[in-house]
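Topology and contacts: notes
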Amino acid sequence: MWQVMGHETLVALLDNSLKGGNLSHAYLLVGPPHVGKMTLALNLAQALNCQGDQKPCGTCTSCQRIAGLRHADIQVIGLDGRAEIGIDQIREMERSATLKPFEGGNRVFIIDGAEHLSTEAANCLLKTLEEPPPNVQLMLLAVNERLLLPTVRSRCQKLELRPLPTPVVERALIEHWEVAPEQAMVLARLSSGCLGWAVGALHDDRITGERAARLSALLHLTGVGRAERFDYAAQIASQFSKNRGAIREVLSLWIGWWRDLLLIKGGCGDFITNIDQEATLYNEAEYYHLTGIKGFIKSMQQAVEALGQNANPRLVLEVLMLNIPQREGG
Amino acid sequence: MKLSCLQENLSKGLSIAGRAVATRTTLPITNNILLATEKSRLKLAATNLEIAISCWMGAKVTEQGAITIPARLLTDFVNSLPNDKIEMTLSPKTKTLELKCARFEGRINGVDADEFPPIPSIGEGVMTKIDPEALRLAIAQVVFAAATEETRPVLTGVYSEFDGNTLTLAAADGFRLAVHKAPLAEPVAERTEVIIPARALTELQRLITDQEEPVELTINPNRSQVLFRLKDVELVSQLIQGTFPNYNQLIPQSYTTRAEVSLAEFTKAARTAAIFAREGSAIVRLQITPGEELTPGKIVLSARTEEIGDNIGEIDATVEGEETKIAFNSKFLSDVLGVLHEERVTLEMTSSSSPGVIRPVGVENYTHVVMPMFVQW
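Residues numbered from 1 in each chain as written. Chains lettered and ligands numbered in written order. Predicted model: local features only at pLDDT ≥ 70, side-chain atom pairs only at ≥ 80, totals over all residues. Heavy atoms only, no water.

**Overview of the pattern of salt bridges**
Residues and elements named next belong to chain B. How we decide: Should a side-chain nitrogen of Lys or Arg be within 4 Å of a carboxyl oxygen of Asp or Glu, the pair is scored as a salt bridge. Secondary structure counts use DSSP, requiring at least four H or I residues in a row for a helix and at least two E residues in a row for a strand, with both numbered from the N terminus.
If you walk through the whole model with that rule in mind, you get 43 salt bridges over all chains. For Arg 107, the salt bridge identified is with Glu 105, shortest N-O distance 2.9 Å. Notably, a salt bridge pairs Arg 258 with Glu 348, separated by 3.6 Å at the nearest N-O pair. Placement of the pair is Arg 258 in strand S18 (residues 257-262) and Glu 348 in strand S23 (residues 344-349), with a sequence separation of 90 residues.

This is the structure we're talking about:
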């Protein structure tokens, strides 16, 4: 039994290849963060080392140790807090790849965040990637495959993990994580199809707390003058050097919010993301014109892009604050 | 788990098994050492997923059990204790191991033994025995020639061929090749060839220094692991996958010049030349001149580094064939001379651009091939 939720075609493909004995020597799993790349990779590792009949059984000691990342032949190579995956990590991996499997099954190397491989490390990997020793399976996980060297990409079979449909996430949360249906619905919508995010949010109250705080700040900003908006811009811009991800999270939350307004304006209220704020959204939508909402979404996207290009974060945010559309009518 | 043992024994056991504890690892538990009781003995085991060392020691066991403990911490603590009886008690709930010795005591938090990677045990396969002295010599004469760089993984291992009554060990790093044939104490059932990591053999060499009984050797049926069983110690090594290059074609079959020299003199002259060859490319030049009616043959060893200076040394040699010259890396020359024990050695060569062969005189079991360096004479 494969434990991956959704991704049925990929699972079927891997399952058939496994049974037919024609697995590719290296897979490149591409998909947004938390969509299930690692789960799928570990699941395949379990299948390759499973001692049960229904591979992967998930219950034999081998499967359980893989799930707990305690198996001697399964190695996950990741950033570990560093800026990139270095050549020494890859050399070490290649060294153990040449040894026969410790526990007698298959060695599986999972490179988590393959786009963070340094150029030297990626080049070093090429030889093993092209022709791995027998009983070695390589799995490269990447969010953005365009950041990989073309020579690395061309040596792997690419499997693309697409975001799951919201109902699938919702059902999975209810059935496997015993989440209350109302909460499951909100989380599923917010997850944008990434089950891992929803599960993470479930165990981490901070995520939901932060979201609520950011949303209320957003609502507050639309109603106040420039001075206060600029204060907020300065405040979050000061965090930028420490935590680049935080601003991006704020902006994506904002984009989601304004997208919902756009949907409501357009009469497609069923598809909104922030389902728990439905009433506020409908109320807010009254105050804005369609063109104003559309323009602001565009300027938020430009801000995200500018930040990615190392623009001054405070300036970018201040410009964004000026672009918040005027509340009208009501 | 509850037992008592002597500090001296525990410290020795930890130093043996501790050699296999992982230093850099992706699996944190391999920084730990496994302590497990087996009837009236205590087993210590560690692995870095390349080699695994288990050793057994006498202990008075009152309650069976097993636990893994951070190796560094335990070793440091045990080594600081006086030479006395150590009482060990494991509290299964908190996974804490309590050690009491004389007026000292300590408690160390451990991790469940079930989480430790299974130490491979090999019951069947190709089996043989070998005299420890012969094995030690074979390893010493070969292992240094294995590659340390990992660009070609098979070369970081030692090719080991078991055939009938003979074990052939061969190692090469692209510049030199060492081949040693050692007798087996028991013939193998079938011809078997494997590549054993050089690191594993280096550890084995260390372990068999005070071993007198023959070493038992088993290769498992799917050729993935080799087990060396010593008295109270077992070393299991993963084998390297791949095909070792056919080294026989690298050994020159003929020669045009052959010089026989005293090993002691050659070593001394090579060492002197190495002083001047230390910097730069470390070149030692050898000029081999055959003897004439009244003068004996000789080898002139010289080394030169521009900024430092130069030296010339001369040793007597029995030379057959033409006058010739050749240059070697001084480290490669000293390495091979350092592992030989015979009275005299021979150097065979054909030209200054083809490999030189060094063999001890009087024994037929060792061949060392060194690539020459290309120099302006």
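**Structural notes on helix H5 (residues 119-130) of chain A**
Residues and elements named next belong to chain A. Using the following cut-off: Here a helix's expected span is defined as the number of its residues, less one, multiplied by 1.5 Å. Here's how the labels work: a residue is buried when its accessible area is under 20% of the maximum for its type, exposed when over 50%, partly exposed in between, all with a 1.4 Å probe on protein chains only. Contacts are assigned to residue pairs that have any heavy atoms within 4.5 Å of one another.
Taking 1.5 Å of rise per residue, 12 residues should cover 16 Å, and H5 covers 17 Å from first to last C-alpha, within 8% of that figure. Along H5, the residues classified as buried are Ala 121, Ala 122, Cys 124, Leu 125, Leu 126, Thr 128 and Leu 129. Residues of H5 that are buried make contact with strand S1 (26-30), helix H4 (87-98), strand S3 (107-112), strand S4 (136-142) and helix H6 (150-153).

**Here we look at the nonpolar core**
Worth spelling out the cut-off: What is meant by a nonpolar core is a set of buried Ala, Val, Leu, Ile, Met, Phe, Trp, Tyr and Cys residues, joined one to another through side-chain atoms within 4.5 Å.
One finds Leu10(B), Leu35(B), Phe228(B), Leu286(B), Leu301(B) and Leu333(B) to be the most contacted residues of the largest nonpolar core, which totals 99 residues. Once residues within four sequence positions are removed from consideration, Leu35(B) is found in contact with Met1(B), Leu42(B), Lys43(B), Leu44(B), Gly65(B), Ala66(B), Ile67(B), Ile69(B), Leu74(B), Met88(B) and Leu97(B). Judged by nonpolar contacts, the second largest core, of 39 residues, contains Val224(A), Trp254(A), Leu281(A) and Val316(A).

**What to know about the interface of chain A and chain B**
Quick reminder of the rule: Buried area: the accessible surface (1.4 Å probe) lost by two parts on joining, summed over both. Any pair of N or O atoms that falls within 3.5 Å is considered a polar contact. Within protein, one atom must be able to donate a hydrogen and the other to accept it, and sequence-neighbouring residues count only if both atoms are side-chain atoms. Throughout, the ten residues Ala, Val, Leu, Ile, Met, Phe, Trp, Tyr, Cys and Pro are labelled nonpolar, Asp, Glu, Lys and Arg are labelled charged, and all others, Gly among them, are labelled polar.
Tallying the contact residues gives 20 residues for chain A and 24 residues for chain B. Together chain A and chain B conceal approximately 2000 Å² of surface at their shared face, both sides included; 52% is due to carbon and sulfur atoms. Among the residues chain A hides against chain B, the three largest losses belong to Arg95(A), Lys100(A) and Phe102(A). Together they make up 41% of the total. Linking chain A with chain B are 2 salt bridges, by the criterion used here. Close ionic contact of Glu115(B) with Arg70(A) constitutes a salt bridge, the shortest N to O distance being 3.7 Å. Viewed at the interface, chain B and chain A are joined by 10 residue pairs in polar contact (both at pLDDT 80 or more). Of the residues forming the side of chain A that touches chain B, the biggest block, 5 residues, is contributed by H4(A). Grouping the amino acids of the side of chain A that touches chain B by side-chain chemistry returns 9 nonpolar, 3 polar and 8 charged.

**A look at the environment of Tyr288(A)**
All names here are of chain A. Its location among the elements puts Tyr 288 in the loop between helix H13 (278-285) and helix H14 (290-308). A relative accessible area of 2% places Tyr 288 in the buried class. What Tyr 288 contacts, discounting residues up to four positions off in sequence, is Thr 222, Trp 258, Leu 261, Lys 265, Ile 293, Pro 325, Gln 326 and Arg 327.

**Some points on the state of the cysteines**
Rule in force here: Throughout, disulfides are identified as pairs of cysteine sulfur atoms within 2.5 Å of each other.
On inspection of all chains with the given rule, the structure shows 0 disulfides over all chains. Sulfur of Cys156(A): no disulfide; nearest cysteine sulfur belongs to Cys124(A) and is 15 Å away. Classification of Cys156(A) as buried rests on a relative accessible area of 12%. Among the cysteines around Cys101(B), which has no disulfide bond, Cys5(B) carries the closest sulfur, lying 9.0 Å off.

**Notes on the sheet that holds strand S21 (residues 309-321) of chain B**
Residue and element names in this part refer to chain B. Keep this limit in mind: One requirement defines pairing of two strands: DSSP has to find at least two bridges between them. Angles shown run from 0 to 180 degrees and are taken between the N-to-C directions of axes, each axis being a line fitted to C-alpha atoms and, for helices, limited to the stretch in contact.
The strand order S14-S11-S12-S13-S25-S24-S23-S18-S21-S20-S19-S22 describes an open sheet built from 12 strands, whose pairing is antiparallel. If you trace the sheet from one side to the other, it starts and ends with strand S14 (192-197) and strand S22 (324-329), each paired once. On average, each strand axis in the sheet is tilted by 25° relative to the strand beside it, whichever way the strands run. The pairing of strand S11 (residues 157-163) with strand S12 (residues 166-172) spans 5 bridges and is classified as antiparallel. Residue pairing across strands places Tyr 159 opposite Ala 170, the latter belonging to S12.

**Description of the environment of Val261(B)**
Residues and elements named next belong to chain B. Residue placement: Val 261 occurs in strand S18. Judged by relative accessible area, Val 261 falls into the buried class, the value being 2%. Setting aside its immediate chain neighbours within four residues, Val 261 contacts Phe 266, Ile 299, Ile 315, Asp 316, Ala 317, Arg 344 and Val 345.

**What about the packing of helix H8 (residues 181-190) of chain A against helix H9 (residues 195-203) of chain A?**
Residues and elements named next belong to chain A. Where we set the bar: Here the angle decides the label: under 35 degrees means roughly parallel, over 145 means roughly antiparallel, 65 to 115 means roughly perpendicular, and every other value means oblique. Left-handed describes a crossing whose near helix is turned anticlockwise from the far helix by less than a right angle; the clockwise case is right-handed.
It is at 8 Å that the axes of H8 and H9 come closest, and there the two elements cross at 130°. Overall, the two elements H8 and H9 adopt an arrangement that is oblique. Between H8 and H9 lies a crossing whose hand is right-handed. Here H8 contributes Gln 183, Leu 187 and Leu 190 to the contact with H9, which in turn contributes Trp 197, Ala 198, Ala 201 and Leu 202. A class-by-class count of the residues in the contact of H8 with H9 yields 6 nonpolar, 1 polar and no charged.

**A word on the packing of helix H11 (residues 226-238) of chain A against helix H15 (residues 313-322) of chain A**
The description of two helices packed together rests on the angle between their axes and the distance between the axes. All names here are of chain A. At their nearest, the axes of H11 and H15 sit 9 Å apart, and the two run at 150° to each other. In terms of orientation, H11 lies roughly antiparallel with respect to H15. H15 is crossed by H11, and the crossing has right-handed handedness. On H15, the residues touching Arg 226, Arg 229, Phe 230, Tyr 232, Ala 233, Ala 234, Ile 236 and Ala 237 of H11 are Pro 313, Arg 314, Leu 317, Glu 318, Met 321 and Leu 322. Looking at side-chain class alone, the contact of H11 with H15 contains 10 nonpolar, no polar and 4 charged residues.

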